[in-house]
Structure formats: structure tokens, C-alpha cells
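Descriptive analysis of the structure
Letter by letter, the chains look like this.
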Amino acid sequence: MIGQNKASSRWTSLRLITVSGASLLVALFTAAVLLAQAKPPYNKEPLLQVVKLNAISTQEVIQNVEQRGVAFQTTPAIEGEFRQAGARPELIEALRRNYRAPAPPPPANTTKPPASTGKPITGVPAGPPLSKSEIITMLQAGLPAARVEQFVEVRGVSFAITPDVSREITAAGGNRSLLGAITEKAPGAPSAPPVHTPGRAPAAGPDYDDLNQLAIASMQANNFSQAIPFLQRAVTMDPSKPTAFQLLGYAQLYGVNQDVVSAERSMRAALERGGNGVFRVYHDHDGFFNSYCQGSFFVTKTGVTFKADDGNHTFAAQDVQIKSSSINDFVGSQFGAFNVKVFQDESRNKTKTYNFAPATRKKTESNLILTLIKSY
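What counts, and where the lines are drawn
- Residues numbered from 1 in each chain as written.
- Predicted model: local features only at pLDDT ≥ 70, side-chain atom pairs only at ≥ 80, totals over all residues.
- Heavy atoms only, no water.
- Core = buried A, V, L, I, M, F, W, Y, C linked by side-chain atoms within 4.5 Å.
- Buried < 20%, exposed > 50% of the residue type's maximum accessible area, 1.4 Å probe, protein only.
- Helix = DSSP H or I, 4+ residues; strand = E, 2+ residues; numbered from the N terminus.
- Contact = heavy atoms within 4.5 Å.
- Axes fitted to C-alpha atoms, helices over the stretch in contact; angles between N-to-C directions.
- Parallel < 35°, antiparallel > 145°, perpendicular 65-115°, else oblique.
- Left-handed = near helix turned anticlockwise from the far one by under 90°.
- Nonpolar A, V, L, I, M, F, W, Y, C, P; charged D, E, K, R; others polar.
- Phe/Tyr/Trp six-rings, centres within 6.5 Å; stacked < 30°, edge-to-face > 60°.
- Pairing = 2+ DSSP bridges.
- pLDDT = per-residue confidence, 0-100.
- Salt bridge = Lys/Arg side-chain N within 4 Å of Asp/Glu carboxyl O.

**A word on the nonpolar core**
- Within the largest apolar cluster, 49 residues are counted, with the highest numbers of intra-cluster contacts made by Phe279, Phe297, Phe315, Phe338 and Ile373.
- It is helix H13 (residues 243–254) that contributes the most residues to this core, 8 residues altogether.
- Excluding residues that lie within four positions of it along the chain, phenylalanine 279 makes contacts with Leu253, Tyr254, Met267, Gly295, Ser296, Phe297, Val299, Glu365, Leu368, Ile369 and Leu372.
- Residues Leu139, Ala145, Val148 and Ile182 belong to the second largest nonpolar core, which totals 22 residues.

**Here we look at the packing of helix H7 (residues 132–140) against helix H8 (residues 145–155)**
- Between H7 and H8, the least distance of the axes is 9 Å, while the angle of their chain directions is 150°. On the basis of the axis angle, H7 is roughly antiparallel to H8. Helix-helix and strand crossings are classified by hand; for H7 and H8 the assignment is right-handed. For the pair formed by H7 and H8, the contact residues are Ile135, Met138 and Leu139 on the first element and Ala145, Val148, Phe151 and Val152 on the second.
- Grouping the constituent residues of the contact of H7 with H8 by class yields 7 nonpolar, no polar and no charged.

**Describing the packing of aromatic side chains**
- Enumeration over the complete set of coordinates arrives at 11 aromatic pairs.
- Note on phenylalanine 289 and phenylalanine 335: the rings are 6.0 Å apart at their centroids and 75° apart in plane angle, and the pair reads as edge-to-face. One end of the pair, phenylalanine 289, is in the loop between strand S1 (277–284) and strand S2 (292–299); the other, phenylalanine 335, is in the loop between strand S5 (322–327) and strand S6 (338–343), with 46 residues separating them in the sequence. For the pair shown, phenylalanine 289 and phenylalanine 335 are each scored as buried.
- Ring centres of phenylalanine 306 and phenylalanine 356 lie 5.2 Å apart, and the angle between their planes is 55°; on these two criteria the pair is classed as tilted. Here phenylalanine 306, found in strand S3 (residues 303–308), pairs with phenylalanine 356, found in strand S7 (residues 351–358); they are 50 residues apart in sequence, far enough to count as distant.
- An aromatic cluster of at least three residues, connected via ring pairs, comprises Phe297, Phe306, Phe315, Phe338, Tyr354 and Phe356.

**Regarding the sheet that holds S2**
- With antiparallel pairing, the 7 strands of this open sheet are ordered in space as S4-S3-S2-S1-S7-S6-S5. Looking at which strands have only one partner, the edges of the open sheet turn out to be strand S4 (314–318) and S5. Here the average twist between neighbouring strands, direction ignored, is 30°.
- Here S5 runs beside S6; their pairing, made up of 5 bridges, is antiparallel. Bridged to isoleucine 327 within S6 is phenylalanine 338.

**Brief notes about the confidence of the model for the protein**
- Across the protein, the average pLDDT comes to 80, with 77% of residues at 70 or higher.
- Of all helices and strands in the protein, the one with the weakest mean pLDDT is helix H1 (residues 4–12) (40), whereas helix H6 (residues 89–97) scores best (97).
- Note that pLDDT drops below 50 for residues 1–37; the model gives that stretch 98 contacts with residues more than four away or on any other chain.
- Scored below 50 in pLDDT, residues 192–203 shows 22 contacts in the model against residues more than four places distant or in partner chains.

**What about the environment of phenylalanine 343?**
- Examined against the element boundaries, phenylalanine 343 turns out to sit in strand S6.
- With 20 residues separating them along the chain, phenylalanine 343 and lysine 323 place their C-alpha atoms 6.3 Å apart.
- The contact partners of phenylalanine 343, leaving out residues within four places of it in the chain, are Val320, Gln321, Ile322, Lys323, Arg348, Lys350 and Thr351.

**A closer look at the side chain of asparagine 98**
- Tracing the sequence through the fold places asparagine 98 in the loop between H6 and H7.
- The exposure class assigned to asparagine 98 is buried, which follows from its relative accessible area of 10%.
- Discounting residues that sit within four places of it in the chain, asparagine 98 has contacts with Val65, Glu66, Gly69 and Val70.

**Quick look at unusual backbone geometry**
- Even without a glycine there, the phi angle at glutamine 258 is positive, about 45°.
- Position of glutamine 258 relative to the elements: it lies in the loop between H13 and helix H14 (260–272).
- One non-glycine residue, arginine 361, lies in the positive phi region at around 65°.
- Structurally, arginine 361 can be placed in the loop between S7 and helix H15 (363–375).

**A short note on the pattern of salt bridges**
- The final tally for this structure, using the stated rule, is 11 salt bridges.
- The shortest N-O distance in the salt bridge between glutamate 66 and arginine 97 comes to 2.8 Å. Of the two residues, glutamate 66 sits in helix H4 (residues 58–68) while arginine 97 sits in helix H6, which places them 31 residues apart along the sequence.
- Residue arginine 97 is classed as partly exposed on the basis of its relative accessible area of 47%.
- Overlapping salt bridges bring together Glu79, Arg83, Glu93 and Arg96 as one network.

Here is the structure:
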């Protein structure tokens, strides 16, 4: 069995999100939310980050790649990068099939841009002045600097520009125009009307995708309480989509309060809309949790899937293939472990048992997983 000190050090160091950098979470959301045809194909690095994060199922990633395409042609070296990140063979095959050549650049616009209308910026929600960390979070979440500048112009900022602050914001994706707007809106700066760039339409404010991106960046920074309001706004904006419900359940479950009741409600809403309940788990290899891998466990209306972060261990089972699922009385019981017993052949004379321990090390999380499995 896992020794007390060993278990404590390994389990207390568990990170619910295993890949650093808010940009990774932005990439995750980009692969999980609506992938409208108007959006460009995936670049290699963001998609590689999606695979490393392992927070959506391989099948979902494949579906998104097939819908949106990729902006790069696979080579043996690129395929090696994806395998090292944990990509399954079926995903690599989808990358090969779905290269989208870039569109030719539009002809140069020689017409004079229209003059600014002078109308106030619309679509930016009211709120207190933005802090430096909020500016950086928005940039790291993938919002263009021009969009962030619109927020600055409407809400102002609570800090002053210094050389160090300027470098931080620039490193996060800011530009000189944004830095100029922050300077104008800093405490003590002279009042001035919002600056409108000729020919640029007013920003529409954060849409459903933006809100999810901001929430993911907040969760990457372990600020789940900040993520939840973003997701609640997204749910209100479009209650027909599953992604915000799915992320909201995730934030509620793994946040400071570990609100299992609210998480279940949100995950059920995601499942009913064709989404997932996503859980971070450990997969036992030897019957004693002396050897295990970390991965993600997905519950849908039709079954369950598991994929290890390294891509080596994976399984999928439809509801009709699941013989039973229950809390463990012995194997990993100290970690709140559960098991899923799956039929291995058509005659149903042979089964295989998969043991998992939940990220929170609590039976309440395992009970939630089992409840969702049995409810659909």
C-alpha cells in the first residue's frame, strides 16, 4: 500500500490542472467550445497544448479538428511532438486528414477609412476599475489587445504604468495602444473622452467564447471564485450550449468550497445538452495504488471514457458494456476510490475492473461520478 508520507506528498501536490500557463487553458477552451466555420484552423501550438491539458476527450478533439481543420501539415517531427504530448493515434490521423491551406490575403484597401462616429463604446459591461492582474488575465485568456483596450476605456484602471508594469503587460500580449489607454485612465490622469480609432468598429464586449476563455484562465491561476461569475454570465448568455455548464461544474467541484451539490447541478445541465462531466482521477495499475497514472475521466449520457495524460492508458465503455460501478471497500479506499466493471466480450462471460481514485480524495466526488454514470 502507499505509505502515509508518500501518499501525503504525492496526493497533496495534486494539481487539478496539470499544465502551466493560462494560454494552455485558453487553447483547451478553443477546442471545446463552438467551432464556427468562420474561425480559423488550429495552429500547432494551441492544439498541442489542448492535448497536453487532457481536459476534453480524444473524440471531442477529433470532432473539433474535423470541423475547424488545422493550419499546419503534419511531418514525422510534428507527429512525434503530439505523441509525446499524449495524443492518441486516431487524433494524429485526424490531423493528417484535416490540413486547411491558408486563404490568400485580401487585396490592399486603398479607400480612406470612415471617420469615427464618436458614439460611446457598446457591449462592455460596467464594473470597477481594472487591476493589473485582470488586464494580464484577459490578455492571457486570448482577448485581443484592442478588445482589452475597450474595457480600459470604459472602466478605467486602478494602477499606474511603470516600466515593470509595461513589460508585464507587453509580455502578456499588450501593445503600445493599450499601454497608452491605461496611462490615460490611470488614477490621477487628466480626464479625457474615450479614444476611438478611425475605421475600427466598437468592441462588442465578451461573447460566450470570451467568457469561457476568461474563466479558464482564472482556473489556471487557481482562482476558481473569479471563474464562476464568468461562467454564470456565459450560461445566461446562451443556456443551450453545454461548455459553460461543464466548466462551471468543474469550477464548483474543484474550487475552494468544493461545492458538490452545485457541481452536480451544473454537470447534469451539461450532460443534458450533450456535454460531459469531467473529473481528474488516478488510474490504479497494480491493485494497491502503488503504481498509477493520472488522467481524466469523462461521463456522458451514453457512457464513460478515460485517457491518461501520457496517452498510454485509455478505455471507453458504452452504458450497455458497464456491468457495475461502485465505491471500493478495499483497493484505494483511503483515497475514496471507485471502480467500473466492464464486459470484455459479447458473451458477457468475461469482465475487467478499472479502479480510480478521485482528485479530491473524497468519496463524495466518487459518489458524484457514480451518480452521473447511473442516471443516464
